[in-house]
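Per-entry structural report
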Amino acid sequence: MLAKQHAVIVGDYLSGGGFGWAYWPKHHAKLALIGTNENGSKRQFLKGFSSILSTKCEVSVHWITGEDSVVMDEAIAYDSIPWVEGFSDPPEFFEDRHTFMDIRSFFTSSYVRLLAMKRGINRADLPHLVYREHMEGPLAGFRRAVNQNGIAWLEEELKELDEVHWHREGDIRKFHVARNLSIVDSAISFLKAVWSVWAYIAQLKEPERLLIIAEPPKELLSETTNVEIRDIVVKTLSILSYLADETTTTFVLSSEMFYPVPELPFRHVVILPTSDSDINLMEKSNRDNVQAPLLFAEWERGNHGVCLWEDRYTGERHIIQLRADGHELVELT
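Presented here is an overview of the structure given in this document. (Residues numbered from 1 in each chain as written. Predicted model: local features only at pLDDT ≥ 70, side-chain atom pairs only at ≥ 80, totals over all residues. Heavy atoms only, no water.)

Below, the discussion takes up the pairing of strand E1 (residues 6-13). Regular strands have side chains that alternate between both faces of the sheet. Summarising burial for E1: six of the eight residues are buried, a large majority. Looking at chain direction, E1 and strand E13 (residues 328-331) are connected through four bridges and run antiparallel. Pairing of Ile9 across the sheet is with Glu328, part of E13. With four bridges joining them, E1 and strand E2 (residues 18-21) adopt antiparallel strand pairing. Counted as the bridge partner of Asp12 is Gly18 from E2. In this structure, the hairpin formed by E1 and E2 is closed by a connection of four residues, where Gly16 is found at a positive phi of approximately 110°. (Buried < 20%, exposed > 50% of the residue type's maximum accessible area, 1.4 Å probe, protein only. Helix = DSSP H or I, 4+ residues; strand = E, 2+ residues; numbered from the N terminus. Pairing = 2+ DSSP bridges.)

Here's what the structure looks like:
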């Protein structure tokens, strides 16, 4: 049974009065939160918002983050990837057949491409991605080819997909992308997290409300990053966006970079102070483009919890103070 529909009071107008986000209907279910991770207001908002959804709204929260690891309540092993790879391609009458097939192939091919980069070899030096469509998924076919060719190091890397480890922090499930990883290893880690939660949703027997927060390390989206790696990361984000369109999922992208937000269909875009980003909002030309003098005046006063909240469908723009706590529920009628 799905929970009742609610909006959450997530902030307050500077002149008084609460501001709510109806996070649940699918035409509102995607939000991009842009700002430096050093901003404590950003972190507290995410914690407060995810907490009220997990404790009061029966929402399963999955949070992919690069923040420092903390002591967790328990580890959770997701076996969803081999599960979803054990099925054949869907029959012709399956509505999203080609999308499902494309996503499965993308995850396997991208994982292999990243492993080749990590190894310092050409992708062409590894087996082709061939599988028995009537019996299995692409990963299963690739694993068979690897075993037949006796590529021991690759067999070990593929075993990492058998159980992808998340951790429980209270009522929230988190996947940590360690900060000390190379660019390639960060991309591999982020890809595994998204792959496992996509497969987890496919594994569910009954619809379940989910909130997925994705915080990709900003190095993965930088202009100086290998284009192939950056494209893989952007595609994984587009898959999370697709889940918000087609399932009972709300997707929040929390990023220090503006790219690729303009290229993905986020209805709600929230802008907080940036630092070492692809767009420096401290530069006058960029401030002029934003056209929000009240916002910048508040930042100059040190009020870094004030944001510009844009609805990119209606064109409405709001200057609000994000709530660090005290989020309230308003039932939708």
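Moving on, there is more to tell.
Tallied over the entire structure, the rule returns 18 aromatic pairs. With a centroid separation of 5.8 Å and an interplanar angle of 85°, the aromatic rings of Tyr13 and Phe19 are classed as edge-to-face. A relative accessible area of 29% means that Tyr13 is categorised as partly exposed. What makes Phe19 buried here is its relative accessible area of 9%. One Lys or Arg, Arg230, reaches over the ring of Tyr259 and ends 5.0 Å from the middle of that ring. (Phe/Tyr/Trp six-rings, centres within 6.5 Å; stacked < 30°, edge-to-face > 60°. Lys NZ or Arg CZ within 6 Å of the ring centre and 35° of its normal.)

The terminal C-alpha atoms of helix H1 (residues 40-56) lie 24 Å apart, and with 17 residues this matches the ideal 24 Å at 1.5 Å per residue to within 8%. The residue sitting at the N-terminus of H1 and contributing the capping side-chain oxygen is Asn39; that oxygen lies 3.0 Å from the backbone nitrogen of Ser41. A positive backbone phi angle near 60° is found at Glu58, which sits one or two residues after H1. (Expected span 1.5 Å × (residues − 1). Polar contact = N/O pair within 3.5 Å; in protein donor to acceptor, adjacent residues only side chain to side chain.)

Fair warning: the whole summary comes from geometry, so function is off the table for now.
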